[in-house]
Amino acid sequence: MDCLFCKIIAGEIPSKKVYEDAHCYAFYDINPQAETHFLVVPKTHLASANEITAENAAEIAHIFTVIPKICKDLGLESYRIINNCGAGAGQTVLHLHFHVLSGSNLGERLV
Ligand code: 5GP
Ligand code: ZN
């Protein structure tokens, strides 16, 4: 499958790994929007949040158990989790991913 993040998970395209286990992979965003900005992706290819179902929801729940562990390891007390679903919301890579942003430049505004 011609998917950028599947290639990153497979190691075919280099990335700066933050965390990995059997179900998910986390790596620093190539174009950071905050002092810390990494992405967490399920190893299973799902194009977007629109493809989350009762059958695969455990993989997504797993990601939300991993994010606090990563942030604790990185010493991040405050952070923002973002998912862009669909082109109209700014999704550019069609493999489900959660942005995790942290740093002093995060304000209260979401948009
Ligand atoms: P989206 O706009 O789809 O929500 O987020 C895609 C993110 O992937 C962007 O923040 C972009 O900087 C990041 N990205 C795109 N290509 C690469 C890449 O090759 N390596 C890494 N590490 N991040 C990438
Ligand atoms: Zn993929």
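Figured I'd write up the structure that's included with this text. Fair warning: this is a prediction, and the values are worked out from it, not measured in the lab. (Residues numbered from 1 in each chain as written. Chains lettered and ligands numbered in written order. Predicted model: local features only at pLDDT ≥ 70, side-chain atom pairs only at ≥ 80, totals over all residues. Heavy atoms only, no water.)

**Overview of the packing of aromatic side chains**
Okay, so step 1: What the rule picks out here adds up to 4 aromatic pairs.
Okay, so step 2: Aromatic side chains Y28 and F38 sit 6.4 Å apart centroid to centroid with 85° between the ring planes, which places their arrangement in the edge-to-face category. Of this pair, Y28 sits in strand β2 (residues 24-28) while F38 sits in strand β3 (residues 36-42), placing them 10 residues apart in sequence.
Okay, so step 3: Note on Y28: relative accessible area 28%, which makes it partly exposed. (Phe/Tyr/Trp six-rings, centres within 6.5 Å; stacked < 30°, edge-to-face > 60°. Helix = DSSP H or I, 4+ residues; strand = E, 2+ residues; numbered from the N terminus. Buried < 20%, exposed > 50% of the residue type's maximum accessible area, 1.4 Å probe, protein only.)

**A closer look at the coordination of the zinc ion (ligand 2)**
Okay, so step 1: With distances of 2.0 to 2.3 Å, the protein atoms coordinating the zinc ion (ligand 2) are C3 (SG), C6 (SG), H45 (ND1) and H95 (ND1).
Okay, so step 2: Here the zinc ion (ligand 2) binds 4 donor atoms, and the angle range of 104 to 116° at the metal identifies the geometry as tetrahedral.
Okay, so step 3: Spacing between the donor residues of the zinc ion (ligand 2) along the chain follows C-x2-C-x38-H-x49-H. Here C3, found in the segment before α1 (4-9), pairs with H45, found in the loop between β3 and α2 (57-74); they are 42 residues apart in sequence, far enough to count as distant. (Donors = N, O, S within 2.8 Å, 3.2 Å for Na, K, Ca; no water. Tetrahedral: all angles 85-135°; square planar, octahedral: opposite > 155°, others 65-115°.)

**Description of the site of ligand 1**
Okay, so step 1: Surveying the vicinity of ligand 1 reveals 16 residues, the closest of which are D29, N84, G90, T92 and H99.
Okay, so step 2: The separation between an oxygen atom of ligand 1 and a polar main-chain atom of T92 is 2.6 Å.
Okay, so step 3: Between ligand 1 and H99 there is a distance of 2.8 Å, counted from an oxygen atom to a side-chain nitrogen or oxygen.
Okay, so step 4: Comparing atom positions with the cavity grids shows ligand 1 to sit within the largest pocket.
Okay, so step 5: Elements with a minimum of two residues in the shell around ligand 1: α1 and β2.
Okay, so step 6: The element contributing the most residues to the shell around ligand 1 is α1, with 3 residues.
Okay, so step 7: Residue composition of the shell around ligand 1, grouped by class: 8 nonpolar, 7 polar and 1 charged. (Near = heavy atom within 4 Å. Polar contact = N/O pair within 3.5 Å; in protein donor to acceptor, adjacent residues only side chain to side chain. 1 Å grid on protein atoms, 1.4 Å probe; cavity = no way out; pocket = protein on both sides within 12 Å on 5 of 7 lines; lining within 4 Å. Sits in = over half its atoms within 2 Å of the grid points. Nonpolar A, V, L, I, M, F, W, Y, C, P; charged D, E, K, R; others polar.)

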